[in-house]
Structure formats: C-alpha cells, structure tokens
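Inside the fold
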Amino acid sequence: MKAASRFLLLLIVTGLFTSMPTRAAEPADSVRTDSVKKHPWRAAGEIAVINLLVMGYDHLFLDMPCYQVTSKSIKNNFQVKKWWWDADYYHTNAINHPYHGALYYTAARDNGMNIGVSSLMALGGSLTWEMLCESEPPSFNDLVTTPIGGITLGEPMHRISDKVIDNSKRGIERVGRELVAALIDPVKGLNRLIRGDTWRVRPGADSYSPAMSTAVELGYRYLDVAEEKALATPYLNFNVDYGDVMGTEGNGPFDYFTLNLTATAGKEQPHISCVQVKNQLWSRQLGKKDKPNAVFGFYNHYDYTSALPRYDLPEGQRMRRPYGYLEIASIGPGFAYRTGSLLKWEQQIFVHGIGLGATPIKTVHKKGSNRGYSFGSGYGARTTTDLRLGNLLHARINGMFSQLFTWDGFFADDPNRQMGASGNSIQGEEGNTVTFMAEPSLDFFPTRHFGLGLSGRYFWCHYNFKFHPHETSHSLELHAALKYLF
C-alpha cells in the first residue's frame, strides 16, 4: 500500500495549498459568484447527478464491461484489497478525468462553496465514482487525475466564466455572454438558469476581481515527428492571463493563473492537442513595497500535450512515434523578476515535484491493453523569458525539463503480466523518462487588437527502459497564425 499512502499524502498537501488563506489587497474569494448563498446540499446533489448522467451514458452507449455496473460489482469494489492502475486511453486519463473533476469542483464553487470545501467535494465526487459507478476495481490514477486535475482546471473555469458574465447587459450581448460563460463552465450556466440569474438585470459595479486578458489565434500547424510522415493541420488557440505574476492583484490561491488551450483539426490528430495551466497558490512580493519588481511563491502546474493518433484509424495510418507529455499534481516554488519601461524584460523560474505524470512510448506491451504510455512520478523545472517592446512586439521562450520514474511496470520475463489481467497494478513500461521542451514565439501587433504570430515547439524525450533498449524521440512543431487580443 506504499503507492496508496503516497497519493493520499499528495491529496492532503494539495488540499492544504488550495485552501490556504488569502493575504491579498482584496480577498480572492470576492469574485461575483462568491456572493451567492451557500447551498452545500444542492452542490452535492449536482455532483451526484453528474455521476449518474456520465454512468448512464457509458452504460447505454459504450459497450465495455467496466460500465456494466451491478450491485455485485459495487459490493466487490468495497471489498477489494488492492486498487489498480487502469488501462484507459491517454486522452481519457489526461483530459477526460480532469475535466470530469472540474465539473465536480465547479458544482461546489457555483453553489457558494469556497476553494477548500470545493476541493474536498471534488475528491468526494471522484471517490464516489470509483466505488459506485464502474464495475472494475477502483483506480489509483483516477483518484489523482480527477480531483487534483479538477481543482487545477475548475477554479480557472469558474473565474474566467465569471469575468465573461455582466449582469448589467441586455439583449444580444447578454445572450452571447451567458452562452460563452456556460460553454466555459457548464455547471455555472445550469445554476444561473436555476436561480434565474441568466436574464436578471442587476445594474451597478461588480465585486473586485483581478484583471484578465485573452488572446485568440487561428492558424496552421506543421508537425514533424522523427521517422514519420509530416502533418499540416489548422488549429485554434486560446490563451488567458488572469491577474499578475508579480502579485500586484493578490497573493492568494488563483489570484494569478495562466491557461493555454489548443484545438486542432485533421483526421490524424486529437481534437484537443494542448492544455497548459499554471496556478499561483501563494506568493510574496520582493523589492519596493509601492513597486515590487520580484516575487517568490508556490505554484501548481497542469500540462497536457499530445500528437497521438485517433484510435479508430487503421494501423497503417497511425503515427508510430507519437509525442506527448502529461503533468498533474505538480507543485513547487517559483520566482519571477520584471524590469524596464518601454522595453520590458520578465523572467520566471519554477521547480516542482511531480506527483503524477505520463509520457507516450513506442515500445509497449499491447496485448489486452490500451496503454501506449507510462505513468510516473518525479521532478521538473520550467522557465519563461519575456521581452516586450511596448505593445508592438512580444518575444517569448518557454522551457521545460522533467524526469519521471515508473514505480511498477511490465516485466519482460513474465509475459502473463499484461495490462488488463485480473489483479494487476501496472503503470506501463518500467524505467524512467527524461523530457525536454522549448517553445519560442514572436508576436507582432500593428494595431491594438489584431496581430500576427509565429511560434514553435520542440520536444526531445529519452526513454530509459529497464527491459528494452533505450530510445530517443524528438519532434518539431511550427505555427503561423492571426491573433486577436481582447
């Protein structure tokens, strides 16, 4: 049970960080929807309904044994002595489960619960799903990806949608804002309908919340993966900066965060190819009190990148060396420094422990498994260097390094230990993975809102397998896009 105890400790630590009291100029929980009267039982009911709806859909439309829930399977889940590592697809564990957890979390937040209580309710929703809503044994990785990923994504969803809503608007603008807010945070859209807030006009100033800027870009992506056919696909990217990394708009949880999401088109690509989130948990300003130029704090990161093929394509059309990276439950200290007036320079440096991450792999036991990746824990570091010439030019380079270690993997000398066999708890291929990523970008804005962007992403990954020859994989992306800045 060493793995279970490590993850339970990780959940506790994360819960403590996300529920730390705020010491900001204005309270972090003073955004508009936090004035909603607390309805804990309504929140719990909505979490139960979310589980029932997802379970019903899975049972009716997905012909898989794990979704055929019976009273016997529920009884077995409570009697099982050893949880396992499930064999879900990469995108299921990396995207679907965190988003599922975000729905739990926002159900609580949008019913007036604070960050700490909402985090606990997300954990409760995930635990309920594991015990009652699937016929397979409870899963270690789901109890991490769902609540922790849900907190990491859910609070930005809650706050971004809150900034979109303007209760003083009427007509088509009001309808558009309500639809966009509901798209970002579906549970909020439902709750506003229940309360009648969707159409209720309330003139007057809104409660304090940090400033937010949003950039949308539409462009074309060229993807070159070693030894594979290059691809060119259109993409749509959303980038949100909420608050200020220097802590000028609050030093509490989520007073500052960034969110980057990329949707791609093309039959050989996943619909969501990149989601990157960086959340401030706590920070302290350094330098002059009236004009700080540096900050130290603690941050958590979520990073999903994928060029995995769609699984329903014929084998001959699949990219055999997919690249990707997953990082969840990642927490550590960070430092930021800013200087300059017309030409501004900003440097950010983060180091962190990674409670759960994953990397796709080429060499993998396929029999009886969807697993084309390895789970692991480890450490990492990130840097961001920004140079801005007024509002005209913006140059940036992001860097990332990590090493992930698989705790319990396939054994080459035991072919019967295949993922999916009864009683197994296997993370993937045993060994460790070293990943390096660089993301340079250059934006040119001749007008206030419209601009042009050039960017790229280089991935290098080395697989140190225990029972297979070591491998190295690398890939390159190039992007050209039109950008609009809100």
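Here the residue index of a chain counts from 1 through its sequence in written order. Reporting in this predicted model follows two pLDDT cut-offs: at least 70 for local features of residues, and 80 or more for side-chain atom pairs to be given and counted; totals over whole chains, interfaces and linings ignore these cut-offs and use all residues. The side-chain quantities take in all heavy atoms of the structure and omit both hydrogens and water.

1. Some words on the overall build of the chain
Our working rule: Labels follow the DSSP assignment, with helices taken as runs of H or I lasting at least four residues and strands as runs of E lasting at least two, numbered in each case from the N terminus. Accessibility here uses a 1.4 Å probe with only protein chains present; expressed as a share of the type maximum, an area under 20% marks a residue as buried, one over 50% as exposed, and anything in between as partly exposed. The contact definition used throughout considers only heavy atoms, calling two residues in contact when any of these lie within 4.5 Å. Methods summary: accessible areas were calculated by the Shrake-Rupley approach with a probe of 1.4 Å, and residue burial reflects only the protein chains presented.
Summing up its helical and strand segments, the chain has eight helices and 14 strands in all. Residue burial in the chain is summarised as follows: out of 486 residues, 54% are buried. Within the chain, contacts between residues at least 6 apart in sequence are counted, and of these 69% link residues at least 24 apart. As displayed, the chain has an accessible area near 22,000 Å², and 64% of this comes from carbon and sulfur atoms.

2. Let's talk about the sheet that holds strand 6 (residues 324-339)
Put simply, the test is: Pairing between strands requires that DSSP locate at least two bridges from one strand to the other. Orientation is described by axes fitted as lines to C-alpha atoms, over the contacting stretch for helices, and by angles from 0 to 180 degrees between their N-to-C directions.
Spatial ordering of the closed barrel is given by 1-2-3-4-5-6-7-8-9-12-13-14, a layout of 12 strands whose pairing is antiparallel. Here the average twist between neighbouring strands, direction ignored, is 20°.

3. Considering the nonpolar core
It is characteristic of soluble globular proteins that their nonpolar side chains tend to be buried jointly. The condition that has to hold: To define a nonpolar core, start from buried Ala, Val, Leu, Ile, Met, Phe, Trp, Tyr and Cys residues and group those joined through side-chain atoms within 4.5 Å.
Leu 153, Val 275, Tyr 302, Tyr 304 and Leu 326 are the most contacted members of the largest nonpolar core, which totals 29 residues. Looking at this core, the element that brings in the most residues is helix 6 (residues 142-164), giving six residues. Listed in part, the 18 residues of the second largest apolar core include Ala 108, Trp 129, Ile 151 and Val 187.

4. Re the side chain of His 479
The test is simple: In protein, a polar contact requires one atom able to donate a hydrogen and another able to accept it; more generally it is a pair of N or O atoms within 3.5 Å, and residues adjacent in sequence count only if both atoms are side-chain atoms.
By secondary structure assignment, the location of His 479 is in strand 14 (residues 471-485). Among the polar contacts listed, one links the side chain of His 479 to the side chain of Glu 477, at a separation of 2.7 Å.

5. A short note on the pairing of strand 12 (residues 431-444)
Here strand 9 (residues 393-405) pairs with strand 12 via 13 bridges, running antiparallel. Bridging from a neighbouring strand, Arg 396 pairs with Ser 441 of strand 12. Sheet topology note: the strand 12/strand 13 (residues 450-465) ladder contains 12 bridges and is antiparallel. Within strand 13, the residue paired with Ser 441 across the bridge is Ser 455. Here strand 12 folds back onto strand 13 in antiparallel fashion, the turn holding five residues.

6. What about the side chain of Asp 86?
Note that Asp 86 resides in the loop between helix 3 (71-79) and helix 4 (90-109). Separated by 3.1 Å, the side chains of Asp 86 and Asn 93 make a polar contact. Looking at Asp 86, its side chain comes within polar contact range of the side chain of Ser 139, at 3.3 Å.

7. Here we look at unusual backbone geometry
A negative phi angle characterises most non-glycine residues, just as the trans form characterises most peptide bonds. In this structure, Phe 254 takes a positive phi of about 65° despite not being glycine. On the basis of relative accessible area, Phe 254 is assigned to the buried category, the value being 1%. The backbone of Ala 329 shows a phi angle near 60°, a positive value even though the residue is not glycine. Summarising the element assignment, Ala 329 is placed in strand 6.

8. Section: the confidence of the model for the chain
This is how it is decided: Residue-level confidence of the predictor is summarised by pLDDT, bounded by 0 at the bottom and 100 at the top.
For the chain, per-residue confidence averages 83 on the pLDDT scale, and 80% of positions sit at 70 or higher. Per-element averaging of pLDDT across the chain places helix 1 (residues 2-18) at the bottom with 44 and strand 9 at the top with 96. For residues 1-34, every residue scores under 50 in pLDDT, and the model assigns this stretch 68 contacts once sequence neighbours within four places are set aside. Segment residues 364-368 is flagged for pLDDT under 50; beyond a separation of four residues in sequence, or across chains, it makes 15 contacts in the model.

9. Comments concerning a nonpolar patch on the surface
Threshold: Within the patch definition used here, like charges are joined within 9 Å and nonpolar side chains (Val, Leu, Ile, Met, Phe, Trp, Tyr) within 5 Å, considering only residues with over 30% relative accessible area and no salt bridge. By convention in these notes, a salt bridge is any Lys or Arg side-chain nitrogen within 4 Å of a carboxyl oxygen on Asp or Glu.
Residues Leu 342, Leu 343, Trp 345, Leu 387, Leu 389, Leu 392, Leu 393, Leu 442, Phe 444, Leu 452, Leu 454 and Leu 482 make up a contiguous nonpolar surface patch of about 1,100 Å² in total accessible area. Among the secondary structure elements, those contributing two or more residues to the nonpolar patch are strand 7 (343-360), strand 8 (373-389), strand 12 and strand 13. Position of Leu 389 among the secondary structure elements: in strand 8.

10. Notes on the packing of helix 4 against helix 5 (residues 115-132)
Going by this rule: Roughly parallel refers to an angle under 35 degrees, roughly antiparallel to one over 145, roughly perpendicular to one between 65 and 115, and oblique to any angle outside these ranges. The crossing is said to be left-handed when, going from far helix to near helix, the turn is anticlockwise and less than a right angle, and right-handed when the turn is clockwise. The classification used treats Ala, Val, Leu, Ile, Met, Phe, Trp, Tyr, Cys and Pro as nonpolar, Asp, Glu, Lys and Arg as charged, and all other residues, Gly among them, as polar.
At a minimum axis separation of 8 Å, helix 4 and helix 5 run at an interaxial angle of 135°. If you check the angle between helix 4 and helix 5, you find them oblique. Crossing of helix 4 against helix 5: the hand is right-handed. Residues His 100, Gly 101, Tyr 104, Tyr 105, Ala 108 and Arg 109 of helix 4 touch helix 5, and the partners they reach there are Ile 115, Ser 118, Ser 119, Met 121, Ala 122, Gly 125, Ser 126 and Trp 129. Residue composition of the contact of helix 4 with helix 5, by class: seven nonpolar, six polar and one charged.

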